[in-house]
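If you want the building blocks of each chain, they are given just below.
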Amino acid sequence: MLIAVDHGNKLIKTIHHPPFTSGLEENEKPPFGGETLKYEGKYYTLSERHIPYHRDKTEDKRFFILTLFAIAYELETLKAYSPNIMRIQLSVGLPPAHYGAQNEAFISYFMNRGAVKFEFKNRAYTIYIEKVLCFPQSYAAAVTVLKSLRNKPKALIVDQGGMTADFLLLKDGVGDLSVCDSLENGVITLYNKVKSKVNSELDILLEESEIDAILMGRKKHVSAEVAAVVEQQAQDFVNDLFSTLRERGLELKSGTVVFVGGGSILLRRQIEASGKVGNPLFVEDIQANARGYEILYQCAEDGRRRKCLRS
């Protein structure tokens, strides 16, 4: 069974199950409450506190365990669970700037583990990860709207994630990995700036969920003063990001700029208000990278990658 997983620094996304925070709690004994996964004698529950930023997600086993959660959720949602060994094909991705250096290690991280046994919600799972393919983030999300970019000589993909803002240039629908990078300008950076500003000026401690609510227009839970600080910090953050892209020689007022990722959805009002983008195209699906990984995997398996993407 093919399962696509987008390993974000803020959220883990699959195609059929709602995203969940990239955070884990490890326990020696079964914890009280929460959806528990048991693996190698230890118990894991998801946490709303995301794992600190890892440029290399293979440094420890936490992203593998998060992947087990993702696989279990997908099998459960699709009603594809079996008590027998389940053969899994994984489609995953990395930021474009990290892809060349890390994709082989990321594939190896999931492979050659034999039959992986774990328990989830008191149900025993045995999976065998038989194949893994890895693709560039951002491009994968753009694949989901490639038909609208087919006749565009130039399109800039901006993927606003949790810890990074990734960009990749497309020329006639083909990714140019010589014009890509990952900037450490993700929304987690914005959260930290907002929380520090509100705390120092107004003596209020904000949660990330409260900041999200304000940026999505739900402000009744805070004063107008707090909302104004959050809005201004978000606008400054977006303007600074666009200035950084401009310094890299990337023109935002010509061609199409495709905004993907949860951060782009969250900051859409600020992006549109900046006046720095001529023709923005927003991919509103937060699971777009995962959907793109599935499409790219299927095309690679067909052996007709270019034809598949242009059909």
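Above this note sits the structure.
Parameters at a glance
- Starting afresh in each chain, residues are numbered from 1 along the sequence in its written order.
- Local features in a predicted model are, by the rule used here, given only for residues with pLDDT of at least 70; side-chain atom pairs are given and counted only at 80 or more, and totals for whole chains, interfaces and linings are based on all residues.
- Only hydrogens and water are set aside; all other atoms, that is, all heavy atoms of the structure, feed into the side-chain values.
- For helices the rule is a DSSP run of H or I covering at least 4 residues; for strands it is a run of E covering at least 2, with both sets numbered from the N terminus onward.
- It only takes one pair of heavy atoms within 4.5 Å for two residues to be counted as in contact.
- Each reported salt bridge corresponds to a side-chain nitrogen of Lys or Arg within 4 Å of a carboxyl oxygen of Asp or Glu.
- Per-residue accessibility, obtained with a 1.4 Å probe over protein chains only, is compared with the maximum for each type, and a residue is labelled buried under 20%, exposed over 50%, and partly exposed between these values.
- Only strands that DSSP links by at least two bridges are regarded as paired with each other.
- Simply put, an axis is a line fit to the C-alpha atoms, just over the touching stretch for a helix, and the angle between two N-to-C directions goes from 0 to 180 degrees.
- Centres within 6.5 Å are what make two rings of Phe, Tyr or Trp a pair, Trp counting through its six-membered ring; a difference in plane orientation under 30 degrees is then read as stacked, over 60 as edge-to-face, and the rest as tilted.
- Multiplying 1.5 Å by the helix residue count minus one yields the expected span of that helix.
- Each residue is assigned a bend, namely the angle between axes fitted to the seven residues that terminate at it and the seven residues that start at it.

1. Things to note about the environment of Val260
Phase 1: Along the chain, Val260 turns up in strand β14 (residues 256-260).
Phase 2: In this structure Val260 touches Ala141, Ile157, Val158, Asp159, Gln160 and Val283, once residues within four positions along its chain are discounted.

2. What about the pattern of salt bridges?
Phase 1: In total, this model carries 19 salt bridges according to the counting rule given.
Phase 2: Residue Asp285 pairs with Arg291 through a salt bridge whose shortest N-O separation is 2.4 Å.
Phase 3: When its relative accessible area of 25% is taken as the criterion, Asp285 is described as partly exposed.
Phase 4: What makes Arg291 partly exposed here is its relative accessible area of 31%.
Phase 5: Taken together, the shared-partner salt bridges in this structure form one network comprising Glu26, Glu28 and Lys42.

3. Topic: the sheet that holds strand β9 (residues 115-120)
As a general point, the strands of a sheet are linked pairwise by backbone hydrogen bonds and lie either parallel or antiparallel.
Phase 1: Across the sheet, which stays open at both edges, the seven strands sit in the order β1-β8-β10-β9-β6-β7-β5 with mixed pairing between neighbours. Every other strand in the sheet has two partners, leaving β1 (2-4) and β5 (24-27) as the edge strands with one partner each. Neighbour-to-neighbour, the strand axes of this sheet turn through a mean angle of 35 degrees, independent of strand direction.
Phase 2: Pairing of strand β8 (residues 86-94) with strand β10 (residues 123-136) involves nine bridges; the strand directions are parallel. Within β10, the residue paired with Gln89 across the bridge is Lys131.
Phase 3: This element, helix α1 (residues 62-77), spans β1, β5, β6 (37-39), β7 (42-46), β8, β9 and β10 of the sheet and lies at about 70 degrees to β9.

4. Examining the packing of aromatic side chains
Remark: the centre distance and the inter-plane angle together describe each pair of aromatic rings, the angle taken between the planes.
Phase 1: Using the criterion set out here, one finds 14 aromatic pairs in the structure.
Phase 2: Seen from their ring centres, Tyr39 and Phe64 are 6.0 Å apart, and the 50 degrees between their planes marks the pair as tilted. In this pair, Tyr39 is assigned in strand β6 and Phe64 in helix α1, connecting sequence segments 25 residues apart. For the pair Tyr39 and Phe64, a shared accessibility class is recorded, and that class is buried.
Phase 3: Ring geometry for Phe106 and Tyr109: centres 6.3 Å apart, planes at 10 degrees, overall stacked. A residue pair is termed a helical-turn pair when its members lie 3 or 4 positions apart in one helix, as Phe106 and Tyr109 do in helix α2 (residues 96-110) at three residues.
Phase 4: Overall, the relative accessible area of 1% leaves Phe106 in the buried class.
Phase 5: Overall, the relative accessible area of 9% leaves Tyr109 in the buried class.

5. Regarding the sheet that holds strand β4 (residues 20-21)
Phase 1: The three strands are arranged β2-β3-β4 in an open sheet whose pairing can be described as antiparallel. With partners counted over all chains shown, the strands left at the sheet margins are β2 (6-7) and β4, one partner each.
Phase 2: Pairing of β2 with strand β3 (residues 11-13) involves two bridges; the strand directions are antiparallel. Opposite His7, over in β3, you have Ile12 as the bridge partner.

6. Re α2
Phase 1: Across its 15 residues, α2 extends 20 Å between first and last C-alpha, which sits within 8% of the 21 Å expected from 1.5 Å per residue.
Phase 2: Of all bends in α2, the biggest is about 70 degrees, found at Gln102.
Phase 3: Here the buried face of α2 lies against β2, α1, β8, β10, β12 (165-171) and β13 (174-183).
Phase 4: Remark: Asn112 follows α2 within two positions and exhibits a positive phi of approximately 60 degrees.

Function cannot be inferred from these measures alone, as they are strictly geometric.
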